[in-house]
Amino acid sequence: MEFRFFGEPDYAALQELDLLVQRHLEPHFDALPEREREGRLSTSAAALKFYERSEHSFVADDGTGVQGFILAQSVWQGDRPIVLIRTVAVRPGTDEAVVRGLLHAAVKSAYDTAVYEVHVPVSAALAEAVQEEEAHVLGRYAVVHLGTRALSAPGEKLTKTVRVPGA
């Protein structure tokens with residue numbers, strides 16, 4: 001398995017894989033509202049052009065095609081940069097080593113560019129990979145979706161706790 005930077009010739013394969021993964025995660029993906037479908041996909045042409053230049057995004061290619069990808073970027077924190085991972089997607093049924101290899105490629109690229117923090121959304125799919133990298137879990141990563149996406153966004157919805165006075 002080769003973990004490499006990607007370019008425009010890979011865009012169609014990345015978009016196809018992203019759609020395949022979303023349909024695997026949500027069997028009714030095609031029935032979701034258009035805004036929600038667009039929001040779950042990470043591979044618009046504009047996003048891919050951006051991540052192609054990030055120096056921290058990679059594809060896993062086994063010689064027969066793209067088996068997975070990681071999209072990450074350097075983010076300036078005012079006093080230092082971090083690498084922020086947005087998406088890790090692998091073909092359903094792909095070996096866990098692909099996820100670990102993609103994460104390791106992003107971690108190594110961060111180190112090679114003198115960035116010493118990599119922020120990863122901890123999910124079930126990434127659990128073994130972040131453990132392999134000896135990550136420090138600081139909490140759960142949550143996303144606040146605004147507007148109508150809040151109604152259909154993926155993940156466990158945290159709800160407000162109502163406190164009853166005197167209870």
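Let us look at the structure shown here. Given the structure is predicted, the values throughout are model-derived calculations rather than measurements.

1. Topic: the nonpolar core
Next up, step 1: Ile-70, Ile-85, Leu-102, Leu-103, Val-120 and Leu-126 are the most contacted members of the largest nonpolar core, which has 19 residues in total.
Next up, step 2: Of all the secondary-structure elements, those providing two or more residues to this core are strand 2 (58-61), strand 3 (66-76), strand 4 (81-90), helix 4 (96-112) and helix 5 (127-132).
Next up, step 3: A total of 7 residues in this core trace back to one element, the largest contributor, which is helix 4.
Next up, step 4: Setting aside residues up to four positions removed in sequence, Val-120 forms contacts with Ile-85, Leu-103, Leu-126 and Val-130.
Next up, step 5: Phe-6, Tyr-11, Ala-47 and Val-66 belong to the second largest nonpolar core, which has 13 residues in total.

2. As for the pattern of salt bridges
Next up, step 1: Applying the stated criterion to the full structure yields 9 salt bridges.
Next up, step 2: Measuring nitrogen to oxygen at the nearest pair gives 3.7 Å for the salt bridge that ties Glu-8 to Lys-49. With a gap of 41 residues between them, Glu-8 in the loop between strand 1 (2-4) and helix 1 (11-25) and Lys-49 in helix 3 (residues 45-52) connect regions that are remote in the sequence.
Next up, step 3: Notably, a salt bridge pairs Glu-117 with Arg-80, separated by 2.9 Å at the nearest N-O pair. Remark: Arg-80 occurs in the loop between strand 3 and strand 4 and Glu-117 occurs in the loop between helix 4 and strand 5 (118-119); sequence separation between them is 37 residues.
Next up, step 4: Using a relative accessible area of 27% as the deciding quantity, one classes Glu-117 as partly exposed.

Conventions and cut-offs
- Residues numbered from 1 in each chain as written.
- Predicted model: local features only at pLDDT ≥ 70, side-chain atom pairs only at ≥ 80, totals over all residues.
- Heavy atoms only, no water.
- Core = buried A, V, L, I, M, F, W, Y, C linked by side-chain atoms within 4.5 Å.
- Buried < 20%, exposed > 50% of the residue type's maximum accessible area, 1.4 Å probe, protein only.
- Helix = DSSP H or I, 4+ residues; strand = E, 2+ residues; numbered from the N terminus.
- Contact = heavy atoms within 4.5 Å.
- Salt bridge = Lys/Arg side-chain N within 4 Å of Asp/Glu carboxyl O.

Coordinates in, geometry out; function isn't part of it.
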